[in-house]
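# Fold and geometry: a report
These are the residues of each chain, in order.
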Amino acid sequence: MLLVVGVYVVAGNLAGGAAAGGVGLAKGAVPAAYQPLVQKWGNLCPAINPALLAAQLYQESGFDPGARSPAKAQGIAQFIPGTWATHGVDGDGDGDRDVWDPEDAIPSAASYDCELAKYVKDVPGDVSANMLASYNAGAYAVIRYGGVPPYQETRNYVKTITTLSKSFAAPVARVDPSRQAAGAIAYAQSKLGTPYLWGGTGTAAQSGRFDCSGLTQASYDSVGIKLPRVANDQYNAGPHPARSELLPGDLVFFSHDPNDSRAIHHVGIYVGGGYMIDAPRTGAVIRFDPIDGGDYFGATRVTEDGAKALPTHV
């Protein structure tokens, strides 16, 4: 959400990552309608990259171009009217600047990132971290302290959004295994044979029953990792290994649209050998199922930092 602080316009609750340099987007992490825009405008300046820009949009609106906030922030990038009046651009060249049009709002978000980076371009340290700190604390604070200010909120902010951006970047190397994976699998195994319940999260009132994302949420909660409630948000809880790189404990996802993680409809926890434990549907029980169906979408290697970085409002 873009907020005005003093004489600088800064953004709260945004997500980012490392500097640009050939960063690609993870499969389907950005809805297909917006992926070309994010890929193009995410390379506008060295302080940003497509994964950073994608993380901002996800954090702000969940890629919803009609999103509105109680603070009157508007559109996919959640500009408030005063900030849009100053920083909105005509990204599609049609003669107007429409905050509700992603073809204007996404370029505007990138342009604003780069403008902030220019404010602090002479400050030592990582250009992206300084830009993100400027979003949170203002460019004056970054300049005054010669880098990310010693404010706990700002440092947590930079770490959180940098972590979130990793979920939107295509991995360039093998992803490290999760330390908590074995415990999560053990929990899921203990629930084998439990009847499915739509909306189930395993409470006593629900007789300990789960739906698919309720099971994966509870499995990782058992090892101290808090996942979002729904499957398409759980997809962003860490980096995305390829099918050939799956390890036990990875979450595996299934989508109605092979190019859009927001269309994910099912999740299970991978156990090896091409199988997962999942809560499949009404009338079934928690069981082992093969993952290689026609709607297999991809996987997430859950990390504690990745889960903590997820917004709670999308």
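All chains use their own residue numbering, which begins from 1 and follows the written sequence. Only residues with pLDDT of 70 or above have their local features reported here, since the model is predicted, and side-chain atom pairs are shown and tallied only from 80 upward, although totals for entire chains, interfaces and linings are computed over all residues. Remark: hydrogens and water are excluded; side-chain values derive from all non-hydrogen atoms of the structure.

### Details of the overall build of the protein
Tallying secondary structure elements over the protein gives 11 helices and seven strands in all. The C-alpha radius of gyration of the protein comes to 20 Å, within 12% of the 20 Å expected for a compact globule of 314 residues. Exposed residues in this analysis have more than 50% of their type's maximum accessible area, buried residues have under 20%, and partly exposed residues fall in between, with area computed by a 1.4 Å probe over protein chains only. Per-residue burial for the protein yields a buried fraction of 54% across its 314 residues. Within the protein, residue pairs in contact and separated by at least 24 positions form 61% of the contacts whose partners lie at least 6 positions apart. For the protein, the exposed surface amounts to about 13,100 Å²; the carbon and sulfur share of it is 54%. Helix and strand assignments follow DSSP, with helices taken as H or I runs no shorter than four residues and strands as E runs no shorter than two, numbered in order from the N terminus. We compute the radius of gyration over the C-alpha atoms and compare it with the globule rule, which gives 2.2 Å times the number of residues raised to the power 0.38. In this analysis, two residues are considered to be in contact whenever any of their non-hydrogen atoms come within 4.5 Å of each other. For every accessible area listed, the method is Shrake-Rupley and the probe measures 1.4 Å; residues are considered covered only by the protein chains on display.

### Remarks on the state of the cysteines
Note that a disulfide, as used here, is simply two cysteine sulfur atoms within 2.5 Å. The full count for this structure, using the stated rule, is one disulfide. With a sulfur-sulfur separation of 2.1 Å, Cys45 is cross-linked through a disulfide to Cys114. Across the S-S bond linking Cys45 and Cys114, the dihedral sits near -95°, which makes this disulfide left-handed. Of this pair, Cys45 sits in the loop between helix H1 (35-41) and helix H2 (50-61) while Cys114 sits in helix H4 (residues 102-119), and the two are 69 residues apart along the sequence. Its relative accessible area of 14% is what places Cys45 among the buried residues. Accessibility expressed as a relative area gives 7% for Cys114, which makes it buried.

### So, the packing of aromatic side chains
Each pair of aromatic rings taken from Phe, Tyr and Trp, with Trp reduced to its six-membered ring, is defined by centres within 6.5 Å and is described as stacked if the planes are under 30 degrees apart, edge-to-face if over 60, and tilted in the remaining cases. On inspection of all chains with the given rule, the structure shows nine aromatic pairs. Where Tyr58 meets Phe63, the ring centres are 6.1 Å apart and the plane angle is 40°; that geometry is what we call tilted. Judged on exposure class, the residue Tyr58 and its partner Phe63 are both buried. When the ring of Tyr187 is compared with that of Phe210, the centres are 6.5 Å apart and the planes differ by 85°; the resulting orientation is edge-to-face. Here Phe210 lies in the loop between helix H8 (181-190) and helix H9 (212-221) and Tyr187 lies in helix H8, a separation of 23 residues in the sequence. The class for Phe210 is buried, based on a relative accessible area of 1%.

### Notes on H8
Buried residues of H8: Ala181, Ala184, Ile185 and Ala188, and no others. Buried residues of H8 fall within an arc of 100° about the axis and therefore sit on the same side. Exposed residues on H8 whose side chains face more than 90 degrees from its buried face are Ala182 and Ser190. Summarising the contacts, the buried residues of H8 are in contact with H9, strand S4 (264-272) and strand S5 (275-278). Directions drawn from the helix axis to the C-beta atoms are what define this arc.

### Concerning the confidence of the model for the protein
Interpreting fine coordinate detail is not advised for predicted regions of low pLDDT. Confidence scores per residue from the predictor, reported as pLDDT, run from 0 to 100. Residue-level pLDDT values for the protein average 90, and 93% of them are 70 or greater. Low pLDDT (under 50) marks residues 1-21, which in the prediction has 88 contacts with non-local residues, meaning those over four places away or in another chain.

### Description of the nonpolar core
A general tendency of soluble globular proteins is for nonpolar side chains to be buried together. Put simply, buried Ala, Val, Leu, Ile, Met, Phe, Trp, Tyr and Cys residues joined by side-chain atoms within 4.5 Å make one nonpolar core. Counting 76 residues, the largest nonpolar core has Phe168 and Tyr220 as the members making the most contacts within it. Broken down by element, the residue count for this core peaks at eight residues, all from H4. In contact with Tyr220, not counting residues within four places along its chain, are Ser178, Gln180, Ala181, Ala184, Ile225, Leu227, Gly249, Leu251, Ile269 and Val302. Counting eight residues, the second-largest nonpolar core is a separate cluster that includes Tyr270, Ile291, Tyr296 and Ala299.

### Comments concerning the environment of Gly66
Summarising the element assignment, Gly66 is placed in the loop between H2 and helix H3 (81-87). For Gly66 and Asp101, which are 35 residues apart along the polypeptide, the C-alpha to C-alpha distance reads 8.9 Å.

### As for H4
Given a helix with a known number of residues, its expected span is that number minus one, times 1.5 Å. The end-to-end C-alpha separation of H4 is 25 Å, in line with the 26 Å expected for 18 residues at 1.5 Å each. Here a polar contact is taken to be a pair of N or O atoms separated by no more than 3.5 Å, where protein atoms must pair a possible hydrogen donor with a possible acceptor and residues adjacent in sequence count only if both atoms sit in side chains. Two or three places before Glu103, at the start of H4, stands the capping residue Asp101, its side-chain oxygen 2.9 Å from that residue's backbone nitrogen.

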